[in-house]
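Each chain, letter by letter, is given below.
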Amino acid sequence: MSKKFWWQWGSFFVGLIVMALGITMTIKGNVIGTGPWDVFHIGLFKQLGLTIGTWSILTGLFIIVATSLYLKHWPRIATWLNMLLIGTFIDIFNWLLPDAELFLWELAYFAGGFVIMSTGCGLYIAASLGAGPRDTIMMIIASKGYSVKTGRMVMEVFAASAGWLLGGPVGIGTVILALGTGYIIQPTLVYFKGKLEKIIGEPLT
């Protein structure tokens, strides 16, 4: 297999692991709220049991099936792996990381998770192997004439609202994650993609 294959898929998998670690840290530090989709997953966990990671996978599966029927084609394999691995790693890290017992500890979890999650997202996207299930919704909304920013906002407001009704932790942290992650994802995406293209010796599309 080519050098391009190993570097692309290696970056993809490492990025997903790093992102899942960051997501789990923001969940552990949810005293001020957590990400919009995680509000939804936690709400489902509180109401119906299972695990937060399992709900992440099931939600992703539902989105993949629904968007595939709408678009009339199945997504790339990386989208399926994104759905399965993020949820799996969330549960693994949720088991490995100690619970926060102090307010400052929770804040530290949240702040560290914010940076780590965004960096991991930039790394996995830089591999150019395919978007996650939730990103597909955003792009469908954007294809209707709205901006990508608007599509993301609509998607995350819906997820956070549904999660709040289910008892998920909405707070200022939810707003910070919804609006702030892009400021880290964008530069890290550019940086990692530039590094990968330099190592591989060709552009990634």
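Above this text sits the structure in question.
**Thoughts on unusual backbone geometry**
Argument step 1. One non-glycine residue, Leu50, lies in positive phi territory at about 60°.
Argument step 2. If you check the backbone angles, Lys72 has positive phi at about 65° while not being a glycine.
Argument step 3. Secondary-structure assignment places Lys72 in the loop between helix H3 (52-71) and helix H4 (77-96).
Argument step 4. Its relative accessible area of 73% is what places Lys72 among the exposed residues.

**Here we look at the packing of aromatic side chains**
For any pair of aromatic rings, the description rests on two quantities: the centre-to-centre distance and the angle between the ring planes.
Argument step 1. Under the counting rule described, the total for this entry stands at 11 aromatic pairs.
Argument step 2. Note on Phe5 and Trp9: the rings are 6.4 Å apart at their centroids and 45° apart in plane angle, and the pair reads as tilted. Taken together, the positions of Phe5 and Trp9, both in helix H1 (residues 3-28) and 4 residues apart, correspond to about one turn of that helix.
Argument step 3. For Phe5, a relative accessible area of 32% puts it in the partly exposed group.
Argument step 4. Members of the aromatic cluster, each reached through a chain of ring pairs, are Phe5, Trp6, Trp9, Phe12, Phe13 and Tyr124.

**Some thoughts on helix H8 (residues 172-180)**
Argument step 1. Taken residue by residue, H8 has Gly173, Thr174, Leu177 and Gly180 as its buried positions. When H8 is viewed along its axis, its buried side chains cluster within an angular range of 165° and face the same direction. Exposed and facing more than 90 degrees away from the buried side of H8 are Ile172 and Leu179.

**Considerations on the side chain of Ser68**
Argument step 1. Within the fold, Ser68 resides in helix H3.
Argument step 2. Beyond its immediate stretch of four places on either side in the chain, Ser68 contacts His73, Trp74 and Pro75.

**What about the packing of H3 against H4?**
Argument step 1. The interhelical angle for the contact between H3 and H4, taken along N-to-C directions, is 165°, at an axis separation of 7 Å. Classified by the angle their axes make, H3 and H4 are roughly antiparallel. H3 and H4 meet at a crossing whose hand is right-handed. Here Ile52, Gly53, Thr54, Ser56, Ile57, Gly60, Leu61 and Ile64 of H3 come into contact with H4, specifically with Thr79, Trp80, Met83, Leu84, Ile86, Gly87, Thr88, Ile90 and Asp91.
Argument step 2. Counted by class, the contact of H3 with H4 contains 9 nonpolar, 7 polar and 1 charged residues.

Procedures and definitions
Residues numbered from 1 in each chain as written. Predicted model: local features only at pLDDT ≥ 70, side-chain atom pairs only at ≥ 80, totals over all residues. Heavy atoms only, no water. Helix = DSSP H or I, 4+ residues; strand = E, 2+ residues; numbered from the N terminus. Buried < 20%, exposed > 50% of the residue type's maximum accessible area, 1.4 Å probe, protein only. Phe/Tyr/Trp six-rings, centres within 6.5 Å; stacked < 30°, edge-to-face > 60°. Arc of directions from axis to C-beta. Contact = heavy atoms within 4.5 Å. Axes fitted to C-alpha atoms, helices over the stretch in contact; angles between N-to-C directions. Parallel < 35°, antiparallel > 145°, perpendicular 65-115°, else oblique. Left-handed = near helix turned anticlockwise from the far one by under 90°. Nonpolar A, V, L, I, M, F, W, Y, C, P; charged D, E, K, R; others polar.

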